[in-house]
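Chain residues, written in single-letter form:
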Amino acid sequence: MIKVCGMTRPEDVRLCAEAGADLLGFIFHPASPRFVTPDFPASLEPEALGQARKVGVFVKESVVEVRHTLDEARLDYVQLHGGQDQKFCRSVGFERVIKVFWPERYASLDELAEDMARFADCALFLLDAGTSGGGHGRSLDFAALAKLDSPRPWLLAGGLGPKNVRAAVEACAKANLAGVDLNSGVESAPGLKDIEKVRTAIAACRR
Ligand SMILES: O=C(O)c1ccccc1NCC(=O)[C@H](O)[C@H](O)COP(=O)(O)O
């Protein structure tokens, strides 16, 4: 499974979907250089999206705001990127939630796995670099994550691009990895996807 995050232009949506992205991310966090308003994903034609599903990324928004945007932008999933709790996930609908964890926040992989277990009803997990937020362009320690015992399939995020994504997939393949999340590593500038980098990274994952 490939997620390309931070869509800001209709042509990037079409080209990333054609390149084989399964999930396309739209960031509703105003401080992000990739911020978009709900009318952008809502306006996309089904032909442009193809089989790709729309994921909304939320950091500080309330449950009411997330639910409103879910409907308005016609999202398939919500990626909760602000440490939201189980009650929040339940209110949005566990089956629609991609819950984010930051492994660097935990003293050990066991502690991370324990916290993940508390969110085992969520659709999918995403592991990102740093200790909060996203789009940092930094990578996690793939070799260490290979030993993770995750109760749900998860997406690996953080500084992935054409040069390192294959190694990341190979390292984590046996640790319940569902796929990868590509963002700043496939851009020419924040929010502007470089389709050649997207294509090369997707081909590297799938070869
Ligand atoms: O990308 C952002 O600007 C962003 C800002 C605030 C919260 C989340 C954000 N991105 C969410 C993602 O899923 C990114 O793809 C993920 O953090 C990895 O980004 P990168 O390290 O640039 O590959």
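About the cut-offs
Residues numbered from 1 in each chain as written. Predicted model: local features only at pLDDT ≥ 70, side-chain atom pairs only at ≥ 80, totals over all residues. Helix = DSSP H or I, 4+ residues; strand = E, 2+ residues; numbered from the N terminus. Rg over C-alpha atoms; globule rule 2.2 N^0.38 Å. Buried ≥ 20, exposed ≤ 12 C-beta atoms within 10 Å, placed from the backbone. Near = placed C-beta within 6 Å. Nonpolar A, V, L, I, M, F, W, Y, C, P; charged D, E, K, R; others polar. UniProt positions renumbered as here; feature names shortened; annotations may be inferred. Pairing = 2+ DSSP bridges. Axes fitted to C-alpha atoms, helices over the stretch in contact; angles between N-to-C directions. Contact = placed C-beta atoms within 7 Å. Right-handed = clockwise from strand over helix to strand, strands pointing away. pLDDT = per-residue confidence, 0-100. Expected span 1.5 Å × (residues − 1). Arc of directions from axis to C-beta. Core = buried A, V, L, I, M, F, W, Y, C linked by C-beta atoms within 7 Å.

Asker: Mind showing me how you'd approach the overall build of the chain here?
Answerer: A tally of regular secondary structure across the chain gives 9 helices and 10 strands. Rg of the C-alpha trace for the chain: 16 Å, near the compact-globule value of 17 Å for 207 residues, within the 12% margin. Reported as C-alpha extents along the three principal axes, the dimensions of the chain are approximately 45 × 40 × 30 Å. By the burial criterion, 44% of the 207 residues in the chain qualify as buried.

Asker: Got a minute to help me understand the site of the ligand in this structure?
Answerer: Close contacts around the ligand come from 25 residues, with Cys5, Gly134, Gly135, Asn183 and Ser184 the closest. Residue composition of the shell around the ligand, by class: 7 nonpolar, 15 polar and 3 charged.

Asker: Explanation requested: the UniProt feature "domain: N-(5'phosphoribosyl) anthranilate isomerase (PRAI)" (unreviewed entry) in the chain in the structure shown.
Answerer: According to UniProt, the positions carrying the feature "domain: N-(5'phosphoribosyl) anthranilate isomerase (PRAI)" (unreviewed entry) are residues 3–202. Between the end C-alpha atoms of residues 3–202 there is a gap of 10 Å, over a span that is 32% helix and 20% strand.

Asker: Explain the sheet that holds strand 6 (residues 124–127) here, please?
Answerer: Picture the strands of a sheet paired through backbone hydrogen bonds; they go either parallel or antiparallel. Here 8 strands make up a closed barrel; going around it, the order is 1-2-3-4-5-6-7-8 and the pairing parallel. For this sheet the average axis-to-axis angle between neighbouring strands, irrespective of direction, equals 30°.

Asker: Hey, could you run me through the environment of phenylalanine 58 in this one?
Answerer: Within the secondary structure, phenylalanine 58 sits in strand 3 (residues 53–58). Phenylalanine 58 gets classed as buried once you count the C-beta atoms within 10 Å, which come to 24. Placed 28 residues apart in sequence, phenylalanine 58 and proline 30 show a C-alpha to C-alpha distance of 9.6 Å. Dropping the residues within four chain positions of it, phenylalanine 58 is found in contact with Phe28, His29, Val66, Val78, Gln79, Leu80, His81 and Gly82.

Asker: Can you walk me through the pairing of strand 3 in this structure?
Answerer: Here is the key point about a regular strand: its side chains alternate between the two faces of the sheet. In terms of residue burial, strand 3 counts as a mostly covered element, since 5 of its 6 residues are buried. Sheet analysis places strand 2 (residues 23–27) next to strand 3, joined by 5 bridges and oriented parallel. Counterpart to leucine 24 in the pairing with strand 3 is lysine 54. When strand 3 meets strand 4 (residues 77–80), the two strands line up parallel, connected through 4 bridges. Along strand 4, the bridge assignment pairs valine 55 with tyrosine 77. Where the polypeptide runs from strand 3 across helix 4 (residues 63–72) and back to strand 4, its parallel neighbour, the crossover connection is right-handed.

Asker: Explain the confidence of the model for the chain here, please?
Answerer: Interpretation of this model should avoid reading the predicted coordinates in detail wherever pLDDT is low. Looking at the chain, the pLDDT average stands at 97 and 100% of residues meet or exceed 70. Predicted complex, confidence summary: ipTM 0.98, pTM 0.97.

Asker: Help me understand the environment of lysine 60 in this model?
Answerer: By secondary structure assignment, the location of lysine 60 is in the loop between strand 3 and helix 4. By the C-beta count within 10 Å, which is 13 here, lysine 60 ends up partly exposed. With 42 residues separating them along the chain, lysine 60 and tryptophan 102 place their C-alpha atoms 16 Å apart.

Asker: How should helix 9 (residues 195–206) be read in this particular structure?
Answerer: Helix length check: helix 9 (12 residues) gives 16 Å between terminal C-alpha atoms against 16 Å at 1.5 Å per residue, within 8%. Those residues of helix 9 that fall on the buried side of the exposure criterion are Val198, Ala201, Ile202 and Cys205. All buried residues of helix 9 lie within an arc of 100° about the axis, which places them on one face of the element. Close packing links the buried residues of helix 9 with strand 1 (2–4), helix 1 (10–19), helix 8 (165–172), strand 8 (177–182) and strand 10 (192–193).

Asker: Please clarify how the nonpolar core should be interpreted in this entry.
Answerer: Soluble, globular proteins show a tendency: their nonpolar side chains are buried together. Formed by 61 residues in total, the largest nonpolar core has its most connected members in Leu24 and Leu156. Filtering out sequence-adjacent residues up to four positions away, leucine 156 remains in contact with Leu127, Leu140, Ala168, Cys172, Leu177, Val180 and Asp181.

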